[in-house]
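# Observations on the model geometry
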Amino acid sequence: MNVSHEWLKAFVPHTLGAEQVRDLLTAHVATVEGFERLRADLASFVVARVVETEKVPDTKLSFNKVDDGSGTLLEVVCGAPNVTLGAMYPFARSGTMMPAGFRIEKKKIRGFTSNGMLCSARELGLGEEHDGILELQTNAAPGTSLLSVLPIGDVRLVVDVLPNRPDLLSHIGVAREVSALTSVPMRSALDAMLPADADGAAAGRAVVVGEAQRHATQGASGGATVRRDDPDGCPQYLGAVIRGITVAPSPQWLRERVEAAGVRSINNVVDVTNVVLHGLGQPMHAFDLGTLADQTVVIRRARAGETLKTLDGVERALTPEMTMIADAQRSIAVAGVMGGQESEVTDTTTDLFLEVAYFDPQRTRQTRRALGLSTDASYRFERGIDPQGLETAMRTAIALMVAVAGGRLDGNIMATGAAPAAMTDVSLRAARVAKVLGASVSSVEIRQYLEGVGFGVRGPGIGGRVEVGDGDEDEEFLVSAPSWRRDVSRDVDLIEEVARLHGYDRLPDTIEAYRPTTVPDHPLHVTGRRVRDALVAAGLCEVRPMPFVKGDDASHWRVTNPLAEDEPHLRTSVLQSLASRAEYNLTRMTGDIRVFEVGSVFLGKGLAHGVGTGTVDEEVRVGVLLMGARHPRHFADGASPAIDAWDAKGLAERLARAAFPGAPIAVEAGEDPALWSIGASGRMVGTVCRVSLDAPVWASPAFGIEITLGAMPVAPVAAPGASGHAGVRPAVALPPVPVRYAALPTTPAAEFDLALLVPDDLPAGDVERVLRTSGGEMLERLELFDEFRGAGIPDGMRSLAWRLTFRHPERTLRDKEIDGRRSQLLKSLENQLGVKPRTA
Amino acid sequence: MTLDDFKSAAESLRTDGPPQIAAAATLDAWTDVRNALVGRTSGRLSELMTALGTLPKEDRRDAGQLANAVKQELEALLEAHHVELARAQQLGPAIDRSMPGRATWQGTVHPVSLVIDEVIEIFRELGFTIALGPEAEHAWYNFGALNFPTDHPAMDMHDTLYLDDLVLRTHTSPVQVRTLQQYPPPIRILAPGNVYRRDFFDPSHAPMFAQIEGLVVDEGITFADLKATLTRFANRFFGATKTRFRPSYFPFTEPSAEMDVQCGVCKGSGCPVCKQSGWVEILGSGMVHPAVLENAGLDSERYTGWAFGMGPARTALARHGIPDIRILYDADVRFLEQFAR
Ligand SMILES: [Zn+2]
């Protein structure tokens, strides 16, 4: 909402500066997020005194010497007839940009150099006066900034009005707050809206508007008829006829007001409707009465298939859900949203039909959404205008219209329907105010704050006004909200009023003792943090990419209204996001990529395929993508080898241990396309895989790890309005199982190596299993340290070498025992697997 | 061999030995020198000892003493030189110490997570624990339970992405209601997580972003607690700074307040960063609306509470001088590696 500082002062004649108003509104009402000086284009103009002047014969020109405070008198040629010796004028030095968009240049005229320009009001954009230059009544020294001398340079305050306070979408609404905060009384709407010194102000004020003619659904006056066929969409509708107007450009004061509100000035009639909207918060419309069939206005639903060309020139398709303004034949405006082109006021319009209405907020909202057309009017109707403010707005509009466009009111105001019922009174206890704010605000203050912004406050008892006492904590008030405050329905709404008007900064901020929470840390937060720490320690970078992917409808949940049609689905795997991020890095020539994310995936789609549940099953997972050099390059080592599958497997084991501390981890050959599956406590929790990327030839292979950390179920905790913890004590997490100390050996170990010929299709893991079982309890360690294929090794075989470490807990092992164990192992391998030692 | 011959041989060993020992530059060379000088079988000393047996008996005592003295001198020198060589070997060859050390890959935490971590750390000291909730959420938890009026302009601030009969949560506030339904007061929780809005990517908007929510509910919780706790947080998070609270609106809190901290760039005098206001908006907050407590099955007369929510991405952009929010999502490794600690 754009608020003009000057216009605000017309409503409430306070003496604060614009900065003070900004701070006051931000602290107590709504944030002022913009502060714009409207005549910043005049910032470089100064005042200058004419110290010599000489008429040029047979021309309008005069040669002048001007003191602009610079210390040197400047020669200036002027074409105005009213240059007066010793007078002060607005002065543009050469180089100054004029409001009209051209620059003042130094130039020679008839052998006389002109070093700038003495300006008229019109040249400064201050009015239409162009008979001569603008003589200033000022004692300021030459060289003083023009803006500090002239009472121009309004300030526009841009107020961030939130959806609960539509009353602030108007100058009158903001003025009410300023009035309450400064204790300066408001002026009447007409006084504030029609400056007493404006041309035609007297005529406007002289219009006699009788009592409005009230009807349920149909009324007629001034030759026009109003029929309200859609009472739901339009609970109340006011019309009036003005005949004999002259459409013309707006006078300066009116143009300044609409422009201060951020609206382009169109003509006097349209500007009046806009000034009523921004001044009083009441959207209104002026129809060219001459274009209305039978001079009739009907408020009805749109007919099926009906269309209307709106003021913006767009042909709109209408539906019967929309409320329209129509004449006897066709729709002429979309109610509460935008007028139609055919009934638009033009230069030749002489008779007007003025509309001031209350349109249903939800109906307006649905219509403007359906049309994709938001206007200043629809914005206010859907938030709710002041239902009691219609008649004031109409009376003000009539006076303004007559003042600026002439004409006369024909007949009377026709009013059909009635304002929606007032809000129910709310009871407020002083004790409750203290309980919420942590500060006791006296009953007197509470009443003062509420009454200041228009609330009615009654003491105990019904009906009668009882004097409200002070300091009684049990005091209970009955509060009725003003018609423009339909956001107030509970005591807490009033407590907010008290708090903000009292001032948040004046409320205490003492820190109090607190009781400990009953809520344990969510296990997935704890796990996620542990996993993240492990991966960062392993040299990986955390990423937080988008979860949107291009999937297929059979297996992926599709966002109903996706942002981008090329990525309409939610991912079913973290690696989907990581792969696209890896490709992004590859296009930027980065090939060493080690990234991870802890994030949600969305499963359960694909019931038909037997894999889904038909509901969204959200899981929190960790995904890892690795590719490129295993280590940063160092001169002593040469190029680092590329990350391979063994890096991925090793990291997967480490990751699984971090994710499931204490659980037995098994990383075993997985089903295609996975390389390995990851098990924790016998449950499959993840996979290791190769990741296929759209990658350049220089890129090394990519590997992925993905582990499910846990489910994040969407199931409700309890029914709406119900609690899920009645009588249930919060579970306390068990302490972690501590690591068990293993006694350090006191006896020496014995080691030997076994190099075995193992067929390619026999997993090394099978060999290890035999080694472990046959190795017995004294086998302390089993380490695969070599794989070799080639010379001396038969085709289809490989040599695998293990180092075995044996230890007896109490004594040194004898060589004989070791040799015996070795032969026994070889025998078991031969018998169970047919595996022989590698000879030679 | 005469005694004189013996003496001159011993003296020449005494003279030759030390320079040879000193010349041994490696442990191997040292072994060779030792063997050549005092080796048990083939060294020059053992030759002397053999010759000692050939001397006349009366000369042997003197000769023996001399040989022993030479032996002790040489062995002492050998021992000392060995220590020196061994130390030198341990140090290894001389290196060019201006050359770089061997690096390892540096893992990093995402800048948005860094902010979340820091917020959590500060609130942990004030007794908060961490609660989480689903990103695919029921509309009731996301809107209805939080007192959003249906089909109202308040919804326009939450342009929603829908997922069949669910929504992608537009804020972390649904976790408030889930937590209140699951656990009895006292409640002091933080709820970090990703939220979604139907906002197109631009330098300052993203369709998904992180939020962190806080909730306190118990008997006797007041707006004074809210102000005190959040001010304390701001002082810890931004360093000693001024804060201000100004009226705001959220359907699920009342009174609602926006908290600003004094602009760190201009110290309050106004600059482009703070849009000339001298203040930077940090978080939204307010007293929990009684309707929210009632929707979670709590007695709103007995319990009061406060809540806040903030966007760590915006803080991350500001504190690191990142000009465009999209950089946070790109996962450019060159960007991520800048956050190595
Ligand atoms: Zn600043």
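Residues and elements named next belong to chain A. Strand order in the open sheet formed by three strands is β1-β10-β2, with antiparallel pairing between adjacent strands. Two strands in the sheet have a free side with no partner beyond their single neighbour: β1 (2-4) and β2 (32-37). Averaged over all adjacent pairs, the angle separating strand axes in this sheet is 25°, with direction ignored. Relative to strand β10 (residues 155-159), β2 runs antiparallel, the two being bridged by five bridges. Residue pairing for β10: Arg37 is matched across the bridge by Val155.

Before going further, it helps to spend a moment on the domain arrangement of chain A. What the domain assignment reports for chain A is domain 1 (2-38 + 154-187), domain 2 (40-148), domain 3 (193-417), domain 4 (426-506), domain 5 (523-711) and domain 6 (750-837). A C-alpha centroid distance of 87 Å is found between domain 4 of chain A and domain 6 of chain A.

Let us now look at the coordination of the zinc ion. Residue and element names in this part refer to chain B. Within the first shell, the zinc ion binds the protein through Cys263 (SG), Cys266 (SG), Cys271 (SG) and Cys274 (SG), at distances of 2.2 to 2.3 Å. Taken in chain order, the donor set of the zinc ion reads C-x2-C-x4-C-x2-C. Overall, Cys266 belongs to the buried group, its relative accessible area being 14%.

Now for the nonpolar core. Residues A:Val624, A:Leu625 and A:Ile707 are the most contacted members of the largest nonpolar core, which totals 138 residues. Of all the elements, helix α5 (residues 111-124) of chain B adds the most residues to this core, at eight residues. If near-sequence neighbours (up to four positions away) are discounted, A:Val624 is found in contact with A:Leu535, A:Leu540, A:Leu575, A:Leu578, A:Val595, A:Phe596, A:Leu651, A:Leu655, A:Phe703, A:Gly704 and A:Ile705. Within the second largest apolar cluster, 89 residues are counted, among which are A:Val178, A:Ala335, A:Phe381 and A:Leu400.

Hydrogen bonds along the backbone pair up the strands of a sheet, which may run parallel or antiparallel. All names here are of chain B. Across the sheet, three strands lie side by side as β2-β4-β3; this open sheet has antiparallel pairing. Of all strands in the sheet, those bounded by a partner on one side alone are β2 (136-138) and β3 (162-163). Sheet analysis places β2 next to strand β4 (residues 166-168), joined by three bridges and oriented antiparallel. What sits directly across from His138, in β4, is Leu166.

A few words now on the state of the cysteines. Residues and elements named next belong to chain A. Applying the stated criterion to the full structure yields zero disulfides over all chains. Left without a disulfide partner, Cys689 is nearest to the cysteine sulfur of Cys541, which lies 20 Å away. Residue class for Cys689 comes out buried when judged on its relative accessible area of 14%.

Inspection of every chain in the model, using the stated rule, returns 68 salt bridges over all chains. A:Asp521 is the salt-bridge partner of B:Arg124, the closest N and O atoms lying 2.9 Å from each other. Here B:Arg124 is found in helix α5, whereas its partner A:Asp521 is found in the loop between α13 (491-502) and α14 (523-537) on a different chain. Residue class for A:Asp521 comes out partly exposed when judged on its relative accessible area of 26%. In this structure, the salt-bridge partner of B:Asp16 is B:Arg44, at a minimum N-O distance of 2.9 Å. With a gap of 28 residues between them, B:Asp16 in helix α1 (residues 3-23) and B:Arg44 in helix α3 (residues 44-52) connect regions that are remote in the sequence.

Glancing now at the interface of chain B and chain A. Where the parts come together, the accessible area they lose is often given as the size of the interface. Contacts between the two partners involve 114 residues from chain B and, on the opposite side, 105 residues from chain A. Buried surface at the junction of chain B and chain A, both sides included, amounts to about 9,300 Å², of which 57% is carbon and sulfur. If you sort the residues of chain B by the area they bury against chain A, B:Trp105, B:Asp151 and B:Pro247 come out on top, with a joint share of 9%. Scanning the region where chain B abuts chain A turns up ten salt bridges.

Under the defined criterion, the tally for this structure stands at 20 aromatic pairs over all chains. Arranged with centres 5.0 Å apart and planes meeting at 75°, the rings of A:Phe359 and A:Phe381 form a pair that is edge-to-face. Taken together, the positions of A:Phe359 in the loop between β22 (351-358) and α8 (361-371) and A:Phe381 in helix α9 (residues 376-383) put the pair 22 residues apart, joining distant regions of the chain. Each of the two residues, A:Phe359 as well as A:Phe381, counts as buried. Where B:Phe123 meets B:Phe128, the ring centres are 5.0 Å apart and the plane angle is 70°; that geometry is what we call edge-to-face. Residue classification places B:Phe123 among the buried positions, given a relative accessible area of 0%. Within the aromatic cluster, the residues linked to one another by ring pairs are B:Phe123, B:Phe128, B:Phe233, B:Phe237, B:Phe238, B:Trp306 and B:Phe308. Its end group placed over the ring of A:Trp484, A:Arg176 keeps NZ or CZ at 3.6 Å from the ring centre.

Below, the discussion takes up unusual backbone geometry. Most peptide bonds are trans, and most residues other than glycine sit at a negative phi. In this chain, A:Asp672 is followed by A:Pro673 through a cis amide linkage whose omega measures 0°. Looking at the secondary structure, you find A:Pro673 in the loop between β32 (665-669) and β33 (674-680). A cis amide bond links B:Pro185 with the next residue in sequence, B:Pro186, at an omega value of 0°. Structurally, B:Pro186 is set in the loop between α7 (174-182) and β5 (187-196). Even without being a glycine, A:Arg110 presents a positive backbone phi close to 50°. With respect to the element layout, A:Arg110 can be found in the loop between β7 (107-109) and β8 (112-114). A:Arg110 sits in the exposed class, given a relative accessible area of 59%. The phi dihedral of B:Asp151 is positive, around 50°, even though this residue is not glycine. Assignment of secondary structure puts B:Asp151 in the loop between α6 (139-142) and β3. Among the residues examined, B:Asp151 registers a relative accessible area of 27% and is labelled partly exposed.

Here the focus is the side chain of B:Thr315. Residue and element names in this part refer to chain B. Along the polypeptide, Thr315 turns up in helix α10 (residues 312-320). The class of Thr315 is buried, set by a relative accessible area of 8%. Residue contacts for Thr315: discarding those within four places in its chain leaves Val115, Phe237 and Met310.

Basis of the calculations
- Residues numbered from 1 in each chain as written.
- Chains lettered and ligands numbered in written order.
- Predicted model: local features only at pLDDT ≥ 70, side-chain atom pairs only at ≥ 80, totals over all residues.
- Heavy atoms only, no water.
- Pairing = 2+ DSSP bridges.
- Helix = DSSP H or I, 4+ residues; strand = E, 2+ residues; numbered from the N terminus.
- Axes fitted to C-alpha atoms, helices over the stretch in contact; angles between N-to-C directions.
- Domains from an automatic or database assignment.
- Donors = N, O, S within 2.8 Å, 3.2 Å for Na, K, Ca; no water.
- Buried < 20%, exposed > 50% of the residue type's maximum accessible area, 1.4 Å probe, protein only.
- Core = buried A, V, L, I, M, F, W, Y, C linked by side-chain atoms within 4.5 Å.
- Contact = heavy atoms within 4.5 Å.
- Disulfide = S-S within 2.5 Å.
- Salt bridge = Lys/Arg side-chain N within 4 Å of Asp/Glu carboxyl O.
- Buried area = accessible area lost by both parts, 1.4 Å probe.
- Phe/Tyr/Trp six-rings, centres within 6.5 Å; stacked < 30°, edge-to-face > 60°.
- Lys NZ or Arg CZ within 6 Å of the ring centre and 35° of its normal.

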